[in-house]
Amino acid sequence: MSYKSEDGEHKEMEGLTENEAKERILKYGYNEIQEKKRNLFREFFKRFWGLTPWMLEITIVFSFLIHKLINVYIIAGLLVVNAIIGYTQEEKASKAVEILKNSLQINAKVLRDGKWILLKAREIVPGDVIRLRAGDFVPADVEMREGEELEIDQSALTGESLPISKKKGDKVYSGSIVRKGEGNGVVTATGKDTYFGKTTELVSIAKPKLHMEAVTARIVNYLLVIVVVLLGVIFIFSYFRKVDLITVVPLALMLLVFAVPVALPAMFTVSMAVGSLESAKKGALVTRLNAIEDAANMDVLCADKTGTLTQNKLTVSKIVTIDEFKENEAILYGYLASEEADNDPIDMAFIRYAKEKGISKEGIIVKNFKGFVPSTRRTEAQLTVNGKDLTVVKGAVETILELCKYEKGDDVRKKVNEIATQGERVIAVAVSENGNFRPVSLVGLSDPPRPNTKSSIKEMEELGIKVKMLTGDAEPIAKEISKIIGLGDKTVTGATIKELKIKDPVKAANLVEESVVFAEIFPEDKYTIVKGLQAKEHVVGMTGDGINDAPALKRAEVGIAVSNATDVAKGAASIILTSEGLTNIVDLVRIGRTTYQRIVTWVLNKVVKTFQVAVFIALGFIITGQFLLSALDIILFLFLIDFVTLSLSTDSMRGSNSPEKWDIRNLVKIGISLGAIQVSEMFLLLFIGLRYLDIGSNINLMNTFFFSEIMFFGLLTPIIVRENSFFWKSKPGKTLGISIIADMVLVSLLSLFGFGLVTKITITEFAVVLAYGLFMNLVVNDIFKIGLRKIGISR
């Protein structure tokens, strides 16, 4: 809501108290915009529109015209129930993604009760004092009051590509991005009363087309070709055998429906949502559902040293003064060139150390402060100390030496190398009184590796993922840290890559692929590294935290924003970590590969079922002149098997120990091979039924007999295809197990009692069907699968 303080500027810059903020939330509401609600009726009735529903609806009409009313009632009922199930599942998945979206809402640095705290953007109220720095999304309309001139990107709001400048007294609008500079301002409007009113759109959950869908669509196309060819054969034989086409059309429609992946959208959505929720529990929030698949395929991870591989808790471990300066002066000047509100790790190290030593800023006036910018590689503060105007800077050693034009630069560099070989980062501090900078000290900062970094890297390597370390630190530091965490010493600098990229791009890509440590890297170099690895056909993961990391995070298949990343980096990434280190990424890879295996199980199951049913019906008609399964049988099969199909999305699969890659031809080989043996087993059962059980005397009885067997085969096939070894080597998920048992009980009751839907069979016939299905699937087909694996045909 719009707000104007009545207490004056000085009072505003003290910030609000928590009690004042609570009162204003009650008065103005939260800093959010209510999203437009979806039309639930429209979402539900969309279930009756599409290729599969059309075929079912045509079948209903056709059945009504030929007076098969029982088929009309059953198919219509199943269509409605399936729509309800699909709608419910998608709603659950949407809510799951919404939970993740809410978890990703941006934070802001706010002054409350005289302290700078990190606060959710929705809790900001008019009158709050907030800090804006390069890389931040602006969470509300803000009037700037302190700090340097800001460069603001309003392209998301106005379409204007060029950034604009904002100085003290100017308004910065909600939804824009701070490109350069930093400063403090007072919130003037929140929520729907902001100038552009787009606060809730700062973080978007992208839903690009999944690769898995495209892959499965190709497989389904093959299945449709098989079914269409077989239908052609059926129609030709029907014509020559004088079979009434009216009885053939419903079955033909059902076979086409069978080849279409009815449960595909729901299964994929649920699988990815389940994977995303599992990942979120492990500390990795997924902002794009297909990132789960990409994590399964990832074979290279480019990890930032600071914060990801190390503890990101820099401490001052060594101070070397230069010329006449004393240690206390070095500490004070480093302290003055730091800003607590920015929460910068290097700044905080100086601030903590100064406070530990009892050094204070009392009596010193900070007139202006410029935070760290990658292009300058330093911080700068303009001060008044005892009536004197001073400028203090701290930053990269070479940057400071160049600024000072120091004659003894070689001596300083020698000392830097001594400190750096111990794995410490060296920062230089300088001061200027009359415009001429003098070096004050070298400060060694240590950021030790996390306790679990070495073991996590080993886990990654065991999973077939090469870990590469990227750092802006000098080469000696990078090598020392790399040695500690066990990465190796194949090191290259950013400058070398840039130079080689111009001269020989191919050689540059080879160097990027071979190297494991990248030192003296600027954020923009990360994009080059990702592109080089992708040119070598690697699936790349990239961690990043800054605004300039965004292009690399967007370019990488798995862009990972670390827990303390800027909002721009989080917006570009597909994964956002909620805690630090590599452990979350290891968990993400395992979850991704498990999800991938669930999808592969679904694909194999679909290929086997479609091939088995379509070929069995076609060949059965050619051999016997009768349809061994009716259109109603196929409808019941589709409906009942959907429960098992959907439960595959939560199955307790084991991910592989190497990056996953789609091999469509191999999957089709496995599916058709298993489908072929199942077809031969069905014809063996046909021989047994005709010879010893006399099922041929009644076509309806025969339909129920084979409907029961097809159902048992369909329910047991996932048990076989989900495991590469013998089926009993791994336990199926609880939901899958319950679904299979429940379906088997339901099919058994339907077969024995009919319930007016099918012709019931005898207890003897049922016992034969059940025993045959269990033996053929859990013994014969499982052994056949192992045989396929031995000749190189396996998932």
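Scroll up a little and you will see the structure.
Residues numbered from 1 in each chain as written. Predicted model: local features only at pLDDT ≥ 70, side-chain atom pairs only at ≥ 80, totals over all residues. Heavy atoms only, no water.

Draft legend 1. Local environment of the nonpolar core. If you look at the biggest cluster of nonpolar residues, it comprises 80 residues, and the most contacted ones within it are I234, L255, I617, L629, F706, F707 and M711. Counting residues per element, this core draws most heavily on helix α23 (residues 583-624), at 16 residues. With sequence-adjacent residues up to four places away left out, L629 is seen in contact with L251, V613, F616, I617, N703, F706, F707 and I710. Among the nonpolar cores identified, the runner-up in size contains 36 residues, and I457, L463, L487 and V586 belong to it. (Core = buried A, V, L, I, M, F, W, Y, C linked by side-chain atoms within 4.5 Å. Buried < 20%, exposed > 50% of the residue type's maximum accessible area, 1.4 Å probe, protein only. Helix = DSSP H or I, 4+ residues; strand = E, 2+ residues; numbered from the N terminus. Contact = heavy atoms within 4.5 Å.)

Draft legend 2. Structural context of the packing of helix α26 (residues 699-721) against helix α28 (residues 763-790). The interhelical angle for the contact between α26 and α28, taken along N-to-C directions, is 35°, at an axis separation of 9 Å. For α26 against α28, the interelement crossing comes out right-handed. Partitioned by chemical class, the residues of the contact of α26 with α28 number 14 nonpolar, five polar and four charged. (Axes fitted to C-alpha atoms, helices over the stretch in contact; angles between N-to-C directions. Left-handed = near helix turned anticlockwise from the far one by under 90°. Nonpolar A, V, L, I, M, F, W, Y, C, P; charged D, E, K, R; others polar.)

Draft legend 3. A look at the packing of helix α18 (residues 494-503) against helix α20 (residues 523-535). Contact geometry of α18 with α20 gives a least axis separation of 11 Å together with a crossing angle of 55°. Of the possible angle classes, the one that applies to α18 and α20 is oblique. Two packed elements cross with a definite hand, and for α18 against α20 that hand is left-handed. Contacts between α18 and α20 pair G494, I497, K498 and K501 from the former with D525, T528 and I529 from the latter. Considering only residue class, the contact of α18 with α20 consists of two nonpolar, two polar and three charged. (Parallel < 35°, antiparallel > 145°, perpendicular 65-115°, else oblique.)

Draft legend 4. Seen up close, the pattern of salt bridges. Summed over all chains, the structure comprises 23 salt bridges. Where D410 meets R413, a salt bridge forms, and the shortest distance between an N and an O atom there is 3.2 Å. Note that D410 and R413 are positioned in helix α15 (residues 409-420) at a spacing of three residues, about one turn of the helix. Among the residues examined, D410 registers a relative accessible area of 59% and is labelled exposed. Residue R413 is classed as partly exposed on the basis of its relative accessible area, which comes to 31%. Between K415 and E418 there is a salt bridge whose closest N-O contact spans 3.2 Å. Placement of the pair is K415 and E418 together in helix α15, with a separation of three residues, close to one helical turn. By relative accessible area, E418 is classed as partly exposed at 38%. (Salt bridge = Lys/Arg side-chain N within 4 Å of Asp/Glu carboxyl O.)

Draft legend 5. Main features of a nonpolar patch on the surface. Judged by side-chain polarity, I741, V745, L749, F753, F755 and L757 come together as a nonpolar surface patch covering roughly 580 Å² of accessible area. Summarising the element assignment, V745 is placed in helix α27 (residues 734-753). The partly exposed category is assigned to V745, whose relative accessible area is 45%. (Patch = residues over 30% accessible without salt bridge, like charges linked within 9 Å, V, L, I, M, F, W, Y side chains within 5 Å. Areas by Shrake-Rupley, 256 points an atom, 1.4 Å probe, with all protein chains shown as cover.)

Draft legend 6. Structural context of helix α13 (residues 345-356). With twelve residues, α13 ought to run about 16 Å at 1.5 Å a step, and its terminal C-alpha atoms sit 16 Å apart, in line with that. Every buried residue belonging to α13 is among I346, D347, M348, A349, F350, I351, Y353 and A354, and all of these are buried. Downstream of α13 by a residue or two, G358 has a phi angle that is positive, lying close to 75°. (Expected span 1.5 Å × (residues − 1).)

Draft legend 7. Up close: the sheet that holds strand β8 (residues 177-180). Strand order in the open sheet formed by three strands is β6-β5-β8, and the pairing between neighbours is antiparallel. Taken across any chain shown, the strands that pair with only one partner, and hence form the sheet edges, are β6 (164-166) and β8. Each strand of the sheet is rotated relative to its neighbour by a mean of 45°, with strand direction disregarded. Here strand β5 (residues 150-153) pairs with β8 via three bridges, running antiparallel. Bridge assignment links D153 to a residue of β8, and that residue is I177. (Pairing = 2+ DSSP bridges.)

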